[in-house]
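Listed here are the chains, written in short residue letters.
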Amino acid sequence: MSRALPKYNKRRVAIIGGAAAVALSGAVIAGSALAGETSKSNDARTLASPGTITCPDVKSQLPAIPASAQAEVSRNLDLLNTQIAEANKRLVDTVGQGGPNFVQNAILGPLKDKRVSTIDRIAIAIGRKGTKPQGLDALAPCTLNAGGAANTGGAANAGNAAPSAAATQQAGGNNNAGNNGGKANTGNAGNNANTGNNNAAGTITCPDVKSKLPAVPASAQAEVNRNLDLLNTQIAEANKRLASSVGQGGPNFVQNAILGPLKDKRVSTIDRIAIAIGRKGTKPQGLDSLAACTLNK
């Protein structure tokens, strides 16, 4: 009996030691798994960083500003800053939304259109009493830095470095854009574009601008006609995009990807028409109300 007891104790020690080894191995494996999950979570948070939109400085590129134009120029310079701030806010708010080219089509593209119009007003204001600066439109495109890598030239591959990796999960196609949470019922009640673009494409119609214009001075006729033609081109392009994107996008796709950017373009074009008329006559007011278009089905 006295010799059997040590053998029993040895076996018990061996069993306890084996169990401890198994438990220790399990802890190591679990720790490794948790570490992997933590790493993945950190990676996801890094990828979700939207980055920052930066734009070329306009003020430093301006010539001497006539005193009579100073107020208007300053007002539009402030507007440029507001536009950048709004674009950066939208960039943060839409992380994980859209598809390929989301940032370019939803944020950078519309921002460029707004800046073109604002910069044009600055140049016109200076040109009334001085020499109108040329080439300022080159300062309109902006860039996505840090979290993404959009081309300064406004190339449509900005969405390849969209706000996050999750941004590619929605099948928005190459023409996805924006998420203002709006409805495509601008002038057509009950016609909401909040179910994606899964059904028949429908048709985009816009208010007629030409019929709302006053008498156009002869010196402005060519510029006005050129911009009226551009309005028609913009509508045709939007309808083509509508037809080619059936089945793409998510909530508010049509509003954010097509109607919203179209409205921004029309605001800029209509503004140029009003400015052209105003150079030699009375500048028409309220034409911006004609910018919003409607989706009919």
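Cut-offs and rules
- Residues numbered from 1 in each chain as written.
- Predicted model: local features only at pLDDT ≥ 70, side-chain atom pairs only at ≥ 80, totals over all residues.
- Heavy atoms only, no water.
- Core = buried A, V, L, I, M, F, W, Y, C linked by side-chain atoms within 4.5 Å.
- Buried < 20%, exposed > 50% of the residue type's maximum accessible area, 1.4 Å probe, protein only.
- Helix = DSSP H or I, 4+ residues; strand = E, 2+ residues; numbered from the N terminus.
- Contact = heavy atoms within 4.5 Å.
- Disulfide = S-S within 2.5 Å.
- Axes fitted to C-alpha atoms, helices over the stretch in contact; angles between N-to-C directions.
- Parallel < 35°, antiparallel > 145°, perpendicular 65-115°, else oblique.
- Salt bridge = Lys/Arg side-chain N within 4 Å of Asp/Glu carboxyl O.
- pLDDT = per-residue confidence, 0-100.
- Expected span 1.5 Å × (residues − 1).

1. Focus on the nonpolar core
Among the nonpolar cores identified, the biggest contains 15 residues, and Val-58, Leu-62, Val-73, Leu-77, Ile-119 and Ile-122 are the most heavily contacted of them. Mapped onto this core, the elements with two or more residues apiece are α2 (70–93) and α3 (102–127). If you tally residues by element for this core, the top one is α3, at six residues. If near-sequence neighbours (up to four positions away) are discounted, Ile-119 is found in contact with Val-58, Leu-80, Leu-136, Asp-137, Leu-139 and Ala-140.

2. A look at the state of the cysteines
What we call a disulfide is simply a covalent bond connecting the sulfur atoms of a pair of cysteines. Scanning the model with the defined rule gives two disulfides in all. For Cys-55, the disulfide goes to Cys-142, at an S-S distance of 2.0 Å. A torsion of 110° about the S-S bond marks the disulfide between Cys-55 and Cys-142 as right-handed. In this pair, Cys-55 is assigned in the loop between β1 (52–54) and α2 and Cys-142 in the loop between α3 and β2 (143–145), connecting sequence segments 87 residues apart.

3. Observations regarding the packing of α2 against α3
For the pair α2 and α3, interaxial distance at closest approach is 9 Å and the crossing angle is 175°. Overall, the two elements α2 and α3 adopt an arrangement that is roughly antiparallel. Listed contacts from α3 to Glu-72, Val-73, Asn-76, Leu-77, Leu-79, Leu-80, Gln-83, Ile-84, Ala-87, Arg-90 and Leu-91 of α2 are Val-103, Ala-106, Ile-107, Leu-111, Lys-114, Arg-115, Thr-118, Ile-119, Arg-121, Ile-122, Ala-125 and Ile-126.

4. Remarks on the side chain of Asp-113
Relative to the elements of secondary structure, Asp-113 occurs in helix α3. Setting aside anything within four residues of it in sequence, one finds Asp-113 in contact with Lys-265 and Ser-268.

5. Quick notes on the environment of Pro-63
Of note, Pro-63 is situated in the loop between β1 and α2. Given a relative accessible area of 35%, Pro-63 falls into the partly exposed group. If near-sequence neighbours (up to four positions away) are discounted, Pro-63 is found in contact with Ile-126 and Pro-133.

6. Things to note about the pattern of salt bridges
In this structure the tally under the stated criterion is four salt bridges. Taking the shortest distance from any N to any O, the salt bridge between Arg-128 and Glu-72 comes out at 3.0 Å. Of this pair, Arg-128 sits in the loop between α3 and β2 while Glu-72 sits in helix α2, and the two are 56 residues apart along the sequence. The shortest N-O distance in the salt bridge between Arg-121 and Asp-271 comes to 2.9 Å. Here Arg-121 is found in helix α3, whereas its partner Asp-271 is found in helix α5 (residues 253–280), with 150 residues between them in sequence. Look at Arg-121 and you get buried, because its relative accessible area is 18%. Judged by relative accessible area, Asp-271 falls into the buried class, the value being 11%.

7. What to know about the confidence of the model for the protein chain
Overall, the predicted model of the protein chain reaches an average pLDDT of 73, with 63% of residues at or above 70. Throughout residues 19–47 the model reports pLDDT below 50, and contacts reaching past four residues in sequence, or to other chains, amount to three contacts. A low-confidence stretch, residues 148–199 (pLDDT under 50), is modelled with 155 contacts involving residues beyond four sequence positions or located in other chains.

8. A short note on helix α4 (residues 221–244)
Counted at 1.5 Å a residue, the expected span for α4 with its 24 residues is 34 Å, and the 35 Å between its end C-alpha atoms agrees. Those residues of α4 that fall on the buried side of the exposure criterion are Val-224, Asn-227, Leu-228, Leu-231, Gln-234, Ile-235, Ala-238, Asn-239, Arg-241 and Leu-242. In the core, the buried residues of α4 are packed alongside α3, β3 (203–205), α5 and β4 (294–296).

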